[in-house]
Each structure stands twice: as C-alpha cells, then as structure tokens.
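# Working through the structure, step by step
The primary structure of each chain is shown beneath.
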Amino acid sequence: MTEMDRVSPYMLWRSPFFEVAWAPGSPFLRTPIRPEGPIPGWVGRDAGPWSTWAPLAPAEPLPRQGWKIHVSALPRDAAAVVGAAARICREQGVAHKMLRTRELVLASQLKYADPVQSGKVFTCYPAAGRLEALALRLADELPCLPHPPVQGEPHLAGSPVSLRHGAFQAEWLLDTAGTPRPGVRVDGAVVEDRRGIEQHSAPGLPAALMARVEATSPEDEHLEISQVRLLHRSNAGGVYSAQWHGRRVVLKEARDHCGLDLEEQPAGIRLRHEWKALRRLAGTGVAPEPLDHLRVGSSEFLVMGLVPGASLATVLKTRHPSAVPNADRTGYLEWLDGVSGRLDELVATMNRMGIVHGDLHPGNLMDGPDGLVAIDFESCTIDGAGPSAGLHHPQFSRARDAPDDHADESARRRIMAVLEVPALISADQSGPVQAEMLRVGSQELRGDGAPLPTSTRTEPLRVEELVEGIKAFADPSRPERLFPGDPVQFQRPGAGLGLLHGSAGVLLSLHLLGETVDQPLLDILCEQIRALQVLPRGVADGAEGMAWALLRMGRPDEAEQLLERCIARGLPDADCPWWANGTAGIAAVLDKAGAALERADFTRMAGQQRRLTCEALESGMPGRAGLLHGWAGVGLALLPFEERWPVSWTGGGCAPTREGTAVHGRTGSHCGQRQQTHAVPRSWGARGGPPRPDAASRLIWRRRCRALSHRRGRGELPQPSRARSRPDTGPGRSSYGVESSGPW
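Residues numbered from 1 in each chain as written. Predicted model: local features only at pLDDT ≥ 70, side-chain atom pairs only at ≥ 80, totals over all residues. Heavy atoms only, no water.

### With respect to unusual backbone geometry
In the Ramachandran plot, His 257 falls in the positive-phi region, its phi being about 65° despite a non-glycine side chain. Within the element layout of this structure, His 257 appears in the loop between β12 (247-255) and α6 (267-281). One non-glycine residue with positive phi stands out, namely Asp 383, at about 55°. Inspection of the secondary structure puts Asp 383 in the loop between β19 (381-382) and α9 (407-420). (Helix = DSSP H or I, 4+ residues; strand = E, 2+ residues; numbered from the N terminus.)

Here it is in structure tokens:
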C-alpha cells in the first residue's frame, strides 16, 4: 500500500485533520438513502457509515454467523435498490443494514477506497432456513442495473446479489501483530473473518443457490502474458509488469463500474482517456509508449512500454542527505539541478501537445537513462477537456475539478521544493510558513554558511498556546478517539485511544509538560477504553501503552484493572519480541507497573516476557534496526532490567554468595580484559528470574551496532567477546563516536 492509498480515504473533504467520510459535518452525509424516522416494530441505529435495522420482536434470535446476502449498486441507483431490498427484508423479518447516504456509497467506491469493502450498499442476515428463499427473492425482484462486483463472493446471475459466509455477531481475535481482527468460528475455533478472494472455509450453499451462481469467465478469455508482477492495486484494478509478445510491458487495469472519481465516473472512462493521451504524446519521450488497449472479461487493460529508471519519490528516499546518513550531498545537488531543467522541458513538451497532466508528483515521474518520463495520465486534460475529478495528489494539486492550464507549472514548483526540503510534503501550512520552511531547509541542504534562525516569530512561542490549541480540538462525542491524529486511528481498532497515535499519548504529553490534564477528559478516556470489545496488544497502539499512560497520570486503579484485562486476554510469545507490540515493550510496562502497584504477579510476568525476548534473540530471529518494530527498541526496553540486574558482556558462570548472587564474566575493553563481579539480589526468584546471564546485554550490544552502523543488515555480527577497535577510536570514545564510560 502506498502512502496515497493509506491517507486518501481520510482526505475526502476539507477538514483540517484526517477524517472519515461519515464524521459530523461531513458533506458526505447530505443525501440520505436510509429510512427517515422510526419504523413501527423495528429498531434502527447508525454505526459508522452504516444504518442497521433489526425487528423489535424477532421470530428467532440472530445467529452468531452464517451466509450474508450483499446487494451492490452504483451511487446513482443506490436509493432505489436499497429501498426495495429493505422492504423485502422487513416483510421477511430479517435484520439488515445499508449505507447511510448516496455520498457514502460514492466514498466506498472511489479509486482509493478499500477494494474488499467496495460495492456493498446493503447487507442482510438471514437464518439458515430463510437464506435460500430470501436470496432468490432479492435476485428476482431487485432491478439488475449496472453495478460493481463484490470481490471474491459468489454472485447470483442476472442480479446485484452476492453471498459471503461470516460472523453476524461480533467475534474478535488478535493477529500476530496484536491488532484486533474480525473473527468467525470454524470447527469451534475463532479464525480471521477474511473478506475478498482469500476467504476462510465455509459450509456449502443450498443447491438452488449454487445453480444460480454465475459461472466464471470462459477459459479462452485471458491475456497472453507471463512473468507477471503486481506493481500496485487500487479499487480501480491492478497495475502489473509482465512479458507480452517478447517484451517487458506495464498493464493497467480498469474493472467495470469500479474506481469512481468524485463525479462518479468509473475507471474505464479514465483508462480510455489515458490511451488517447499516450497516443498523442507518442514519440516525444515524455510518456510511456502506448502499445494496445484490450478488453478481457469484465476488465479493460492499457498496455504500455516499461519505463526504466526510478521515480523521483524513490530517489528522494534513497539519496536525500536528510534521509540517508553520509549521503553524497554534492551529487544530490547536481542531480537536483539537472532534474529542474528536465522537468521544465517535460512540462513544456506536454503543453505544446495540448496535454496538461494534472497529477504531477514525485511518484508519477520516472528518472531514467532516456530522461524524465511522466506516467499515470488518467487525470490529464486533452485540449482542455478531461473526465477526471478529485483524483489528484492532495499535496501537489489542490483542484478538485479537472486541472487548468497552470496545474502542471504549479505542481512543478511544488515538486522541486519537496525534492529540496522533503518536510514540505506534509506541511499544510500558510504560504509564509512554507516559504520560511523552504528557505531554511534549502540553506541547510546547500550549506550557504549563514546562521539558521531559531524562530521566525517576532515574539517567543508560548507553550500555553500549543496546549490551548490541543485542548480546543478535544471531541468527547467521538467514541473512537478524543483528539484528531493519524489515519491509523481509523485503520487499527483501539489505536485512537493508544499511546502512539491516540488520546492516551496526547494526554500523557500534556501531563509530562506539567500541564493540568482535565479530569473529565481522563474519565472519558477510561470509559472509552472500558468499552473496547477486544484489547489491542502492545505499548504503541495497544492496551499496555494505555495502562502505562493512566498510571503516569494518576489513575492507578484504572491502570491495574486494564493490565488485568490484558493478562486475561493473553500475552505475546517469543515470535513477537518488539517494543511496539511484543514482549520487550510489555515486559517494561509490567515491570514498572508491578513496582508502582506492588503487584508481584505483574513483576513475575514481566520476567517471563523478558525471557521470551531473550529467547527470540538467541533463536537468531531476523529483524531490523528500529524503535517500534526493531532491535533498537528491544534493547531500550531491556535497559532498565540491565541497570537493576547487571550482567557480564560475555557471560560466564553464576555462583551464589552470602549477599546475593554474583555474576562473573570477562569483559572486553579497548585496553585489554578485566574481570567483573556484580552483586544482584536473591529476589530474582520471586520476580520470575533473570534472563540468561549474557543474553540481554548481548542483545543491546549487537542491535546497537546494527542500528548505528547501517552496515549490519546481512552477515554475522561479531560476538561480544571479540572486541574490535578502530584506528580513529581514542580513550573514552566508542567505535561509533559516542561518549562511553566503559567497554563498547
């Protein structure tokens, strides 16, 4: 998933923050298609984008799971289709739900919407005995209008009806990363309730429905390609590289009635428009070579020559001095100056041919041996006319309508600024602020020599201003979060309340600044945490991090109760040692909480989690440098244990002494070897026991090397007992230029 895919569904309207389409005040709530007002004998409520309806006196209780019936429709037909389906379900006494508005139907079918959820505008939940009759009646009575397919579901021929086996009542489980996922029971066990093509195993459909299920495309409908590789996937279809008639090509797919833009135009119209634009630009060298336009089954494909080289976004991430330690600054600046001229020439060439690209950004520009080439022309205009609206990159084009003649020039200036100062890509600030960021960043990159200003304000910034601004945006009416933040708040259940992306982190930050945290906000946070149906795992976005924040903010009872729920939910094993969601971070939280709350069981479990972390190290588990999901974070989480229970750098025997336990080992230093003996308390036994004498220290040493050297991604790391010194390393300074009071 690209960053564009991740954030686009939360930038659909002009909110100052990332927001869902159904948030209060959203323009996507304008045209209701749900019933207005109460319906006798039925109870309805809104839940996110859905309006759910159930009979007050059902003939039988709602099953835990079964075959759901989905109905698909395009936005223009949604009101009629939903109204007819709801009437049939009410007559049958079957619970159902529908998307609340026409605009939410559109949002669910946009190009960057989730393909797995797209197409579904109505869902009903029949008991097994009613499934066949209800599904056939819906298929026969609903109008079969053009509609997007629902991926991976058996579709009843000649109708907008498809079926999927899944949970009717919420079941949850944690995946390997500790993130809650919807579950369904299979053979008595809860497994992930997968949507789309890779569904869980399900019981068979009744024979009458199987006879109606639409056959797949004939075998002779396929592309003559091989060596296929997926480059990108969206709700419009996939983009692939493949071998085609003896050459390497790129194929761009447009599925019928899918990947809409804000004017409800489907991907196929844009694909045909792009084919026309590429043919006009053929031979200029500024666009991919157009090879063919094909239809296969329910998809259209545009076949283009493969453009060699790397995108400007890739070059930015792999060569910019702010992103790569010890990068070639001079080489990057020379490349940057060359790109500026090539980009000017590309824009001028397109405009001479009557083409305005309309969506230029670093990811759509390829820098290769033949020069700069633009790709992805679906948002372009040809002689001022274009079919696309609202699909432009939000940081490089502000226009929601078709681009005007000045769009490419504006994007060109923005691209060059971002290539010089990458921080600008996430800066949605006023013009003067961006200009100052560009000035300071450019000066820093080019090393002009003048001192950088510490502030552009005429008066010092007061912390109170920031605090007041943060508190002003608290919204207690939002059950998923108190404060606005990253889209992760909406993508991971519970993350909006967590330490890294959610309310707990915001309130704890205010507390650590010495600010008084409003107790009503803390009360609301505690209520929202208690309401979580399943607790996400980990320190970053999980319940353990929430508990630690509550403990630091003076809510020990709530923190203790939450940690008890975490333990009852289950803790991770050695397969997940990371700080963000695994044993290392949870060990640190439980250890601190055990001491603060005088809970020996918490401390004992901290020891167990610590031992599992060391087992992961000893097993040779692959990993990477990094704080959240890397070995650097694991080492930091274990440092407090090392300070309390020092161990030798290289291991050695352990022998009891009168005062406690002595750990003997030999430690390498730059000036030779010396013997160390550390006294540690006998309370180890009550606390669950230490890790292997050398494991935690070896972990910190080895992963610190990996994190700081940027050269340890492959190969064996040196054993701690084999001390290395470098010619440029003097006394009191480590091999990595970090002040050191001891070996390493």
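The structure having been displayed, the exposition proceeds.
### So, the sheet that holds strand β8 (residues 180-186)
With antiparallel pairing, the 3 strands of this open sheet are ordered in space as β7-β8-β9. Edge positions in the sheet fall to β7 (172-174) and β9 (189-192), since each of these pairs with one other strand and no more. Mean inter-strand twist for the sheet, computed between neighbouring axes without regard to direction, equals 55°. Bridge count for β7 against β8 is 3 bridges, and the pairing is antiparallel. Paired with Trp 172 across the bridge in β8 is Pro 182. (Pairing = 2+ DSSP bridges. Axes fitted to C-alpha atoms, helices over the stretch in contact; angles between N-to-C directions.)

### Let's talk about the sheet that holds β12
Taken in spatial order, the 5 strands make up an open sheet running β10-β11-β12-β14-β13, and their pairing is antiparallel. One side of each edge strand has no neighbouring strand; the edge strands of this open sheet are β10 (225-234) and β13 (290-296). Ignoring strand direction, the axes of neighbouring strands in this sheet form an average angle of 25°. Sheet analysis places β12 next to strand β14 (residues 299-305), joined by 7 bridges and oriented antiparallel. From the neighbouring strand, Glu 253 faces β14, where its bridge partner is Phe 301. The strands touched by α6 within the sheet are β12, β13 and β14, with β14 carrying the most contacts at an inclination of about 25°. (Contact = heavy atoms within 4.5 Å.)

### Points about the environment of Val 517
Structurally, Val 517 is set in the loop between α13 (503-512) and α14 (519-530). A relative accessible area of 8% means that Val 517 is categorised as buried. Taking the C-alpha atoms as reference points, Val 517 and Lys 471, 46 residues apart in sequence, are found 9.3 Å from one another. For Val 517, the residues in contact, after removing those within four places along its chain, are Leu 507, Leu 510, His 511 and Leu 522. (Buried < 20%, exposed > 50% of the residue type's maximum accessible area, 1.4 Å probe, protein only.)

### As for the packing of helix α15 (residues 543-552) against helix α16 (residues 556-569)
Here α15 crosses α16 at 165°, and the two axes come no closer than 8 Å. For the element pair α15 / α16, the angle class is roughly antiparallel. The way α15 lies across α16 gives a crossing that is left-handed. Two secondary-structure elements touch here, α15 through Ala 543, Glu 544, Met 546, Ala 547, Leu 550 and Leu 551 and α16 through Pro 556, Glu 558, Ala 559, Leu 562, Leu 563, Cys 566 and Arg 569. (Parallel < 35°, antiparallel > 145°, perpendicular 65-115°, else oblique. Left-handed = near helix turned anticlockwise from the far one by under 90°.)

### Section: the packing of aromatic side chains
Counted under the stated rule, the structure contains 5 aromatic pairs. Ring geometry for Tyr 332 and Trp 335: centres 5.4 Å apart, planes at 40°, overall tilted. Taken together, the residues span about one helical turn, with Tyr 332 and Trp 335 both in helix α8 (residues 329-352) at a distance of 3 residues. Of the residues examined, Tyr 332 reaches a relative accessible area of 0% and is grouped as buried. With a centroid separation of 4.8 Å and an interplanar angle of 70°, the aromatic rings of Trp 578 and Trp 631 are classed as edge-to-face. Taken together, the residues span a long stretch of sequence, with Trp 578 in the loop between α16 and α17 (583-597) and Trp 631 in helix α19 (residues 631-644) at a distance of 53 residues. Owing to a relative accessible area of 12%, Trp 578 belongs among the buried residues under this scheme. Positioned over the ring face of Trp 50 is Lys 97, at 4.3 Å from the centre of the ring. Against the face of Phe 602 rests Arg 599, its NZ or CZ located 4.2 Å from the ring centre. (Phe/Tyr/Trp six-rings, centres within 6.5 Å; stacked < 30°, edge-to-face > 60°. Lys NZ or Arg CZ within 6 Å of the ring centre and 35° of its normal.)

Remember, this is a structural readout, not a statement about activity or role.
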